[in-house]
Amino acid sequence: MKILEGKGVSKSFGGLKAVSDVEFYVEEGEILGLIGPNGAGKTTFFNLLSGALPMDSGTVLFGGQKISGLKPNQICRAGMGRTFQAAKNFPGMAVYGNVMMGALFGKPGRSASEAEQITDEVLDFVGLTEYKDKMVTDIPLSAQKQLEVARALATRPKLLLLDEVMAGLNPTEVEDAMKLILRIRDSGITVIMIEHVMRAIMTICDRILVLHHGAKIAEGTPQEISTSKTVIEIYLGES
Ligand SMILES: Nc1ncnc2c1ncn2[C@@H]1O[C@H](COP(=O)(O)OP(=O)(O)OP(=O)(O)O)[C@@H](O)[C@H]1O
Ligand SMILES: [Mg+2]
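Nothing here was measured: the structure is a model prediction, and the numbers come from that model.

Definitions and cut-offs
- All residue numbers refer to positions counted from 1 along the written sequence of the respective chain.
- Here chains are named by letter from A upward and ligands by number from 1 upward, in the order in which they appear as written.
- The model is predicted, so local features are restricted to residues of pLDDT at least 70 and side-chain atom pairs to those at 80 or more, both for listing and for counting; the totals for chains, interfaces and linings are taken over all residues.
- As a convention, hydrogens and water are excluded, and side-chain values are obtained from all of the structure's heavy atoms.
- Only nitrogen, oxygen and sulfur atoms qualify as donors, provided they sit within 2.8 Å of the metal or within 3.2 Å for Na, K and Ca; with water excluded from the atoms, sites may seem incomplete.
- Helix and strand assignments come from DSSP, with helices taken as H or I runs of at least 4 residues and strands as E runs of at least 2, each series counted from the N terminus.
- A simple rule labels every residue: compare its accessible area, found with a 1.4 Å probe on the protein chains alone, to the largest value its type can have, and call it buried under 20%, exposed over 50%, or partly exposed in between.
- Either an automatic procedure or a domain database provided the assignment from which the domain bounds are taken.
- When checking whether two residues touch, look at their non-hydrogen atoms; a contact exists if any pair is within 4.5 Å.
- Computed with a 1.4 Å rolling probe, the buried area is the accessible surface lost when two parts are put together, summed over both parts.
- Here, a salt bridge means any Lys or Arg side-chain nitrogen found within 4 Å of an Asp or Glu carboxyl oxygen.
- What qualifies as a polar contact is a pair of N or O atoms within 3.5 Å, subject to a donor-acceptor requirement within protein and to the restriction that residues adjacent in sequence count only when both atoms come from side chains.
- Ten residue types, Ala, Val, Leu, Ile, Met, Phe, Trp, Tyr, Cys and Pro, are classed as nonpolar, four, Asp, Glu, Lys and Arg, as charged, and the remainder, Gly among them, as polar.

A. Representation of the coordination of the magnesium ion (ligand 2) within the structure. The coordination sphere of the magnesium ion (ligand 2), as far as protein atoms go, consists of Thr 43 (OG1) and Gln 85 (OE1), spread over 2.0 to 2.2 Å. Here Thr 43 is found in helix 1 (residues 42-49), whereas its partner Gln 85 is found in the loop between strand 6 (80-82) and helix 3 (95-106), with 42 residues between them in sequence. According to the relative accessible area criterion, Thr 43 is partly exposed, its value standing at 24%.

Shown next, in the form of C-alpha cells:
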C-alpha cells in the first residue's frame with residue numbers, strides 16, 4: 001500500500017525552479033532514499049511534504065488523504081515526523097525537554113505523564129538516555145543528530161523524513177545511524193531519507209529517488225541507481 005504519493009509537486013523561488021513537477025510514491029514499510037547534488041531541491045521537497053513551505057502546485061496524499069495545503073502542525077498530527085538538516089533543537093533546554101516537546105507537539109491534549117512515558121521510551125530507543133539531563137549545546141554532534149531523530153519519533157509518526165542525519169558523523173557513528181534507521185523501520189515506521197553518505201543509502205534503502213535541478217531524473221533499486229548512466233554522470237561520478 002502507498003502511504004504517501006504525489007504528483008506535479010513544484011516550488012520556485014523567484015526564477016529558480018527548486019522542485020519541478022515531481023511525481024513520486026512511498027510504499028508503507030519501506031526506506032526510500034532521496035539523493036542528488038547540492039542544491040538539487042531535496043530539502044525543499046521535504047519542506048513541501050511537511051507543510052513548512054507552501055507548494056506552487058501539485059497534490060500529495062498521505063494515507064489516501066490530501067495533505068497538500070495543510071499546515072505543518074496538521075501534517076505532523078496526521079503522522080508525518082521530520083528532522084531538520086540544520087538541527088532545530090531548543091538550545092535553552094536539556095535533551096529530555098527537547099524530546100518531550102516532540103511528544104507534546106505530536107498530539108494535542110497528550111497528558112504530561114503520557115509525554116514523559118514516550119520521552120523515556122524514545123530516549124532509550126535511540127540510545128540517548130545517558131545524555132538526558134545535558135543541555136543540548138553540551139552534547140557531541142552524533143548525539144545532536146540522534147536528538148533530532150528522537151524529537152521527531154516522539155511525535156509518534158507513521159512516516160519519518162530524515163534530512164542528512166549522518167552528515168559529519170565518523171564511520172562508526174554512520175554504522176550506528178544505519179542500525180537505528182533499520183530499527184525505526186522494523187518498528188513499523190516508513191522512512192524517507194535524504195543522505196549524501198552513499199554507503200548508507202545503498203545498503204539500507206529499498207528504493208532510491210534522484211533529484212537534479214528540482215526534477216526527478218531516476219528512481220529505482222540501489223542496484224539500478226548505482227548502475228544508471230544518467231545518475232553516475234550527474235551525481236555518483238563526482239562523489
Ligand atoms: N527559502 C529559499 N529562498 C530562496 N531560494 C531557496 C530557498 N530554499 C532553497 N533555495 C534554493 O533552492 C535550491 C534547492 O535548495 P535545497 O536546499 O532544497 O537543496 P538540497 O538538495 O537540499 O541541497 P543540499 O544537498 O546542499 O542540502 C537551491 O538553489 C537553494 O539555494
Ligand atoms: Mg538539503
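We are not done yet, so read on.
B. Geometry of the domain arrangement of the protein. Its domain assignment divides the protein into domain 1 (1-79 + 160-239) and domain 2 (87-156). Computed over C-alpha atoms only, the centres of domain 1 and domain 2 are separated by 24 Å. Counting from both sides, the interface comprises 15 residues of domain 1 and, opposite them, 13 residues of domain 2. Both sides together, the interface formed by domain 1 and domain 2 hides about 1,200 Å², and carbon and sulfur atoms give 73% of it. Considering only the side of domain 1, the residues that lose the most area to domain 2 are Cys 76, Arg 77 and Leu 180, jointly responsible for 37% of the buried surface there. There are zero salt bridges connecting domain 1 and domain 2. Inspection of the region where domain 1 meets domain 2 yields three residue pairs in polar contact (both at pLDDT 80 or more). When residues of the side of domain 1 that touches domain 2 are traced back to their parent elements, those giving at least two are helix 2 (72-77), strand 7 (159-163) and helix 6 (171-186). If one sorts the elements of the side of domain 1 that touches domain 2 by residue count, helix 6 sits on top with four residues. Classifying every residue of the side of domain 1 that touches domain 2 gives nine nonpolar, two polar and four charged.

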